[in-house]
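# Structural characterization, general
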Amino acid sequence: MIAMLLLALRNLLRNRRRSLATVAAVAVGSAAILLFGGYSNNIRYSMETAYVRSGGQLQIQHRDFSVYGSGNPTAYGIRGYARLIDAIRSDEQLRGMVVVATPTLQFGGIAGNYAAGVSRTVIGMGLVAADHSTMRAWNHYAIPLESNPLLLAGSRPDAVLIGVGVARVLQLCAELKVELCPAPEREAPSGGAALPSDIALLTEQEHKARPAQSQGGRGPRIELLASSSRGTPNVAALEVIQAEGQGFKELDDVYIALHLAQAQRLIYGSAAPQATAVMVQLRRPDQVAPARARIESQLRRWGGGQSLAVFDLETLNPFFVQTVQLFNTIFGFIFALIGGIVLFTVSNTMNAAVVERTVEIGTLRAMGLRQAGIRRLFVTEGMLLGAAGALAGAAAALLLSAAINMLDLQWLPPGSAEPLPLQFRVWGETASIIGVSLGLMAVVTASAWWPAWRAAKTGIVDALRHV
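Given the structure is predicted, the values throughout are model-derived calculations rather than measurements.

## Some details on the packing of helix H2 (residues 16–55) against helix H16 (residues 371–405)
- Where H2 meets H16, the axes come as close as 7 Å, and the angle between the chain directions of the two elements is 45 degrees. By the angle between their directions, the pair H2 and H16 is classed as oblique. Crossing of H2 over H16 shows right-handed handedness. Contact residues: Ser-19, Thr-22, Val-23, Val-26, Ala-27, Ser-30, Ala-31, Leu-34 and Leu-35 in H2; Leu-385, Gly-386, Ala-388, Gly-389, Ala-390, Ala-392, Gly-393, Ala-394, Ala-396, Ala-397, Leu-400 and Ser-401 in H16.
- Of the residues contributing to the contact of H2 with H16, the split by class is 14 nonpolar, seven polar and no charged.

## What about the nonpolar core?
- Ile-60, Ile-88, Phe-107, Ile-162, Ile-222 and Leu-224 are the most contacted members of the largest nonpolar core, which has 53 residues in total.
- Contacts of Ile-60, omitting those with residues within four sequence positions, involve Ile-78, Leu-84, Ile-88, Thr-276, Ala-277, Val-278, Ile-295, Leu-299, Leu-308, Ala-309 and Val-310.
- Counting residues in each nonpolar core, the second largest holds 50 residues, with Tyr-141, Val-379, Ala-448 and Ala-452 among its members.

## Some words on the environment of Val-26
- Turning to its location among the elements, Val-26 is positioned in helix H2.
- Along the sequence, Val-26 and Leu-385 sit 359 residues apart, while their C-alpha atoms lie 8.1 Å from each other.
- Apart from residues no more than four positions distant in its own chain, Val-26 is found in contact with Val-342, Val-346, Gly-386, Gly-389, Ala-390, Leu-440 and Val-444.

## Some thoughts on the pairing of strand E1 (residues 58–62)
- Across the five residues of E1, five count as buried, placing the element largely inside the fold.
- Sheet topology places E1 next to strand E9 (residues 308–312); five bridges connect them, and they run antiparallel. Opposite Gln-59, over in E9, you have Phe-311 as the bridge partner.

Each value, and the rule that gives it
- Numbering of residues starts from 1 in each chain and follows the order in which that chain's sequence is written.
- Confidence filtering applies because this is a predicted model: local features only for residues at pLDDT of at least 70, side-chain atom pairs given and counted only at 80 or more, and all residues used for totals across whole chains, interfaces and linings.
- Hydrogen atoms and water are omitted, and side-chain values are computed over all heavy atoms in the structure.
- Helix axes are fitted to C-alpha atoms over the stretch in contact, other axes to C-alpha atoms as well, and angles between N-to-C directions run from 0 to 180 degrees.
- Helix and strand definitions follow DSSP, with helices as H or I runs of at least four residues and strands as E runs of at least two, each counted in order from the N terminus.
- Each angle is binned into one of four classes, with values under 35 degrees roughly parallel, values over 145 roughly antiparallel, values of 65 to 115 roughly perpendicular, and all other values oblique.
- By the definition used in this description, the sense in which the near helix is turned from the far one sets the handedness, with an anticlockwise turn below a right angle giving left-handed and a clockwise turn giving right-handed.
- Contact between two residues is taken to exist if any of their heavy atoms lie within 4.5 Å; hydrogens are not considered.
- Classification used: nonpolar for Ala, Val, Leu, Ile, Met, Phe, Trp, Tyr, Cys and Pro, charged for Asp, Glu, Lys and Arg, polar for all others including Gly.
- Grouping buried Ala, Val, Leu, Ile, Met, Phe, Trp, Tyr and Cys residues that are joined through side-chain atoms within 4.5 Å yields what is termed a nonpolar core.
- Burial classification: accessible surface area is computed with a 1.4 Å probe over protein chains only, and a residue below 20% of its type maximum counts as buried, one above 50% as exposed, and the rest as partly exposed.
- When DSSP finds at least two bridges between two strands, those strands are taken to pair.

Worth remembering: the numbers are spatial, not functional.
Listed below in structure tokens is the structure:
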């Protein structure tokens, strides 16, 4: 075998120019595939990091919440969620996996800035601010994304954080210092619009119940109207402390976050508080399957017999799955396209070699080398061309990706309101590099088989008298 490799290498070096051109074609194809794969990896890792920071890898919800919960989230709440969270945090198998296990309460409502005479429908999120600040620090893939703590942490009980789109509609851009927020063409009514009598009464009761929390705030105030768990309207006067972009415009235009206790008072009043989901953030992505299996095996006991289910990140975020599938399809198409070009390039090189070395083939056959030996010789030459091209392509992709990543480029994904870092994540993707290299080597080796078969079929007498 070693003798065959040395002979094949010597034959390739006899025509260095053609061999180098073929190796360069394979290298360019390999580098292009790896760079696009690195770009695709960056998109997947960036999106996954953003989703894990905001919602964790697993969420425990009522079994029907994802189907019917958008219409009436509070009807599918989790009773006794604190016991469930304590059980997850204290479980021996989960203790080393779980970073955060935290409750959230999702509800629909209407936010109004009645001083400006405007309002809009919103999706409220009651959350434990300290837990979400911890979740924002998750960065398993070392993505250069800022992990700013949630300003809601440590704020007053009536504080609220809204999306930039909500601030724009409620005309709070000036007070919140939101950039790129044009003023509406129609001026707001002077002195503002009066509160409706029923909402005004509810707001007055809210102020009387907690005067110290509702007065003296420095931020702008809004009124949040929601339907309680019994179907009656309830309103809370809240102080807006920040407008924060949520990444996607659709979410940015409806997002409003407040303390969990405030949201529970708004929805459940004096009744026992509930949560619509328990978010679980894990240390590493490879822990999702065992953690989910463990929680599912104990969920009925931990959840007090409620109809609960565990949903992973991919189930909760179909857009993420569709995006990954799209780029995987494009990657497969590019690999097939470049593989076809490499196949014809190497096949042309080997056919030319067969024609030029017809007399040599006849001589080897006359010396006793069988047809199988001729085939192995030419296939080995193709394999060496593929290995050299794949290695050169991998090295080029690593160098180019490192150079591009140093530029700190950004790009704006479709449907996103905020730019993401543009990187080519080739370094560290050992499985991808090995897979692409072996794939191209297989293509090159296969492309050399047909010329090798033709060379082996050449008659000895015809080959020796070839001019």
